[in-house]
Every structure is written in C-alpha cells, then in structure tokens.
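Summary of the model geometry
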Amino acid sequence: MATTRRSYKLGNYDLRVARSYAGLGLFTDSDIPKGQCIVEYTGRILGPGEDDDVSGRYLFEVHSRRTIDGTPRSNTARYINHSCKPNCEPMIHKGRVFIFSKRAIKAGEELSYNYGKAYVDAYIKPHGCLCPKCRPATLAKKRRAASKAL
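So, here's what we can say about the structure. Since the structure is predicted, the reported quantities are computational estimates derived from the model, not experimental observations.

Turning our attention to the side chain of R78. Along the chain, R78 turns up in the loop between β7 (66-69) and β8 (81-82). Buried charge without a partner: R78 forms no salt bridge, and the closest opposite charge is D69, 7.6 Å away. Excluding its chain neighbours within four sequence positions, the residues that come into contact with R78 are Y41, Y58, G70, T71, P72 and R73.

As a further point, take the sheet that holds strand β9 (residues 88-93). Read across the sheet, three strands follow the order β4-β10-β9 without closing on themselves; strand pairing throughout is antiparallel. Of all strands in the sheet, those with a lone pairing partner are β4 (37-41) and β9, marking the two edges. Ignoring which end each strand starts from, the neighbouring axes of this sheet average 30° apart. Summarising the sheet, β4 and strand β10 (residues 96-101) pair through four bridges and their orientation is antiparallel. Bridging from a neighbouring strand, V39 pairs with I99 of β10.

So, about the packing of aromatic side chains. Here the structure, examined in full by the defined rule, presents five aromatic pairs. Summarising the aromatic geometry, the rings of Y113 and Y115 are spaced 5.2 Å apart at their centres and angled 50° between planes, so their arrangement reads as tilted. You can call Y115 partly exposed: its relative accessible area is 25%. Every member of this aromatic cluster is reached through a ring pair, and the members are Y41, F60, Y113, Y115, Y119 and Y123. Above the ring of Y58, the side-chain terminus of R78 is found at 4.2 Å from the ring centroid.

Topologically, Y119 is positioned in helix α1 (residues 117-124). With relative accessibility at 19%, the residue Y119 sits in the buried group. Sequence-distant contacts of Y119, that is, excluding residues within four places in its chain, are made with R57 and I124.

Evaluation of the coordinates by the stated rule reveals five salt bridges. Here R103 makes a salt bridge to E109, at a shortest N to O gap of 2.7 Å. Judged by relative accessible area, R103 falls into the partly exposed class, the value being 35%. Given a relative accessible area of 21%, E109 falls into the partly exposed group. Among the charged side chains, a salt-bridge network with shared partners connects K117, D121 and K125.

Procedures and definitions
- Residues numbered from 1 in each chain as written.
- Predicted model: local features only at pLDDT ≥ 70, side-chain atom pairs only at ≥ 80, totals over all residues.
- Heavy atoms only, no water.
- Helix = DSSP H or I, 4+ residues; strand = E, 2+ residues; numbered from the N terminus.
- Buried < 20%, exposed > 50% of the residue type's maximum accessible area, 1.4 Å probe, protein only.
- Lys, Arg positive; Asp, Glu negative; His and termini not counted.
- Salt bridge = Lys/Arg side-chain N within 4 Å of Asp/Glu carboxyl O.
- Contact = heavy atoms within 4.5 Å.
- Pairing = 2+ DSSP bridges.
- Axes fitted to C-alpha atoms, helices over the stretch in contact; angles between N-to-C directions.
- Phe/Tyr/Trp six-rings, centres within 6.5 Å; stacked < 30°, edge-to-face > 60°.
- Lys NZ or Arg CZ within 6 Å of the ring centre and 35° of its normal.

Structure follows, in structure tokens:
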C-alpha cells in the first residue's frame, strides 16, 4: 500500500505523490476516463545548448530548440514514472507538454508513461526496468546473476 506524501487537486482529479516501485510516483484518487488531460509537465524552458549545462533526469525535449527542465517539485508531472505498458501518454501542443490518459484509470492506480527509447537505454536499461510489466523478469535475472556469483 502506498504511503501518501503530498496530495493535489488538479482539474477534476485528485492526485497524490506516494511511495512507488521506483521511489516516488503519482497516483490518482479519482477515476480518470480514457482521453482526459490529467496534468501539464512544467518547468523552466531551456533553449539550444542550455540542456547540455543542466544535469538531471527531468528534462523533457519538446523539439530540437526547446526543452523543459521539470526539476522543480512544483512540477507534479515529474512524479509520473516510466512503464513499458503505460496508462498515460504525453502530448505536445504549442510547445507545452500535457499528460493524457491512454485508457480508463481507476482510483488508486499509479500514473505512468513510456519515457522513450533514448531515456530507457541511458537510465533504465542498465539497472533493469522495474515497471510492473518488466519487474518479474528483471528481478528473476538479478537473482540468477547473484546465484552465479556465489
């Protein structure tokens, strides 16, 4: 059971930041129908070359000349974790990023979207994906590797 850290009322939905398989995650306390805008990914806008000077994992590339640095904790969408079988998807509209539901999401579910191949290859794959779809296989692989090391 997830422990509530912070709760938010965004639009029509009650969201909360709580413990997750990946540290902290964003959960809904409301049912969310398919195709609904849930939250906007916000932060400082970085221009060309500026994203090279920022270290962090909360950079969301809108296009080649615009990246959003979503590091501030006021960016509620930063708590949405990666999943290989997500229930949300980001959509870019006029240089802004909005997170929409891909399917109906029930109260209590964690929100997730696919971070994309480049991010997964750089940050997730080296440690093994822990999303609900991949977690059993990742843990089994780590157990096998540990037993071979003995």
